[in-house]
Amino acid sequence: MKSQSLALEISPAIGRVSAECIVPENAKCIMTLAHGAGAGMNHSFLLALAKSLSEAAITTMRFNFPFTENKKGRPDPPAVAHKTIEASISKTKEVFPELPLFVAGKSFGGRMTSQYLSAHHDSSVRGIIFYGFPLHPPGKPSTERAEHLKDVTIPMLFLQGTRDALATWDLMESVCASLPLARLVKIEGADHSFKAGKQNVIQLLADITNDWTEKIDQS
């Protein structure tokens, strides 16, 4: 396993952001990994997840959104976030052209990824993994944030905690039941940060991701 630092050029107006790949020996696929609204690419959750995925021979590319890179508190508007997702996918194809490509994100990062791909279909992307889809604000159950998922044309894996305040479980079940390409996996007792007592949730997330990507690659 080795680490590789990169820079993503988003646009002349937006500039560059940092990125890092964790590359295992004999990698079988590559996965982009977009961070959430409250932390950057080096948050302990993303680092631990990337390392666990590398043990399953999955290369990851973590990257910052511009608001994190520039130490701003408010998340980027969707147009800027979508350009960042586009740049991450493009860079991944450039650096790892031989590896099957998956995209993923924690919360905000996953939602921005699926929004981008709902409007820009890319046949080279094999699937999307959501580590806690932020379906609604805390205490305000709704499904409007999921409307764009109907326009996503690739398989989707939703990993959701049963105590996630940003995704009421019955609403997530309803949303995923309406999406033929979606699979919803329950992480019992986990909140939006995937904290669930003493259980090793990171390893569980990596194992489920590995099994799902292998099935997609074999299909």
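Q: Explanation requested: the overall build of the chain in the structure shown.
A: In terms of regular secondary structure, the chain is built from six helices and eight strands. Written out in order from the N terminus, the α and β elements of the chain read β-β-β-α-β-α-α-β-α-β-β-α-β-α. A principal-axis box enclosing the C-alpha atoms of the chain has dimensions of 40 × 40 × 35 Å. Here the chain holds 219 residues, and 55% of them are scored as buried. Across the chain, contacts joining residues at least 24 apart in sequence account for 73% of those joining residues at least 6 apart. Working note: accessible area of the chain is about 9800 Å², and carbon and sulfur atoms make up 50% of it.

Q: When you look at the pairing of strand E2 (residues 15-23) in this model, what are you seeing that I'm missing?
A: Look at any regular strand and the pattern is simple: side chains alternate between the two faces of the sheet. In terms of burial, E2 is largely enclosed, as seven of its nine residues are buried. The hairpin formed by strand E1 (residues 2-11) and E2 contains three residues between the paired strands. In this sheet, strand E4 (residues 58-63) lies alongside E2 in antiparallel orientation, the contact comprising four bridges. Across the sheet, residue Cys-21 finds its bridge partner in E4, namely Met-61.

Q: Explain the packing of aromatic side chains here, please?
A: Ring pairs (aromatic) are described by centroid distance and by the angle formed between their planes. Under the defined criterion, the tally for this structure stands at nine aromatic pairs. For the ring pair Phe-65 and Phe-67, a centre distance of 6.4 Å and an interplane angle of 20° mean the geometry is stacked. By the burial criterion, Phe-65 is buried, and Phe-67 matches it. For the ring pair Phe-67 and Phe-108, a centre distance of 6.1 Å and an interplane angle of 90° mean the geometry is edge-to-face. Taken as a pair, Phe-67 in helix H2 (residues 66-69) and Phe-108 in helix H4 (residues 108-119) lie far apart in primary sequence, 41 residues in all. When its relative accessible area of 4% is taken as the criterion, Phe-67 is described as buried. Taking the relative accessible area as the measure of exposure, Phe-108 reaches 9% and is therefore buried. It is Lys-106 that lies over the ring of Phe-45; its NZ or CZ is 6.0 Å from the centre.

Reading guide: rules and limits
- For every chain, the first residue of the written sequence is number 1, and numbering continues from 1 along that sequence.
- Given that the model is predicted, a residue must reach a pLDDT of at least 70 before its local features are reported, and side-chain atom pairs must reach 80 or more before they are shown or counted; all residues, however, enter totals for whole chains, interfaces and linings.
- Working from all heavy atoms in the structure, the side-chain values ignore hydrogens and water.
- The secondary structure listing takes helices from DSSP runs of H or I that are at least 4 residues long and strands from runs of E that are at least 2 residues long, numbered from the N terminus.
- Summary of the burial criterion: residues with accessible area below 20% of their type's maximum are buried, those above 50% are exposed, and those between are partly exposed, where the area comes from a 1.4 Å probe applied to protein chains only.
- Two residues qualify as a contact provided that any one of their heavy atoms is within 4.5 Å of a heavy atom in the partner residue.
- Only the protein chains shown count as cover for residues, and the accessible areas themselves come from Shrake-Rupley with a 1.4 Å probe.
- At least two DSSP bridges between two strands are required for those strands to pair.
- Ring geometry is summarised as follows: Phe, Tyr and Trp rings, the Trp one being its six-membered ring, pair when their centres sit within 6.5 Å, and such pairs are stacked at plane angles under 30 degrees, edge-to-face over 60 and tilted between the two.
- Geometrically, a lysine NZ or arginine CZ counts as sitting over a ring once it is within 6 Å of the ring centre and also within 35 degrees of the ring normal.

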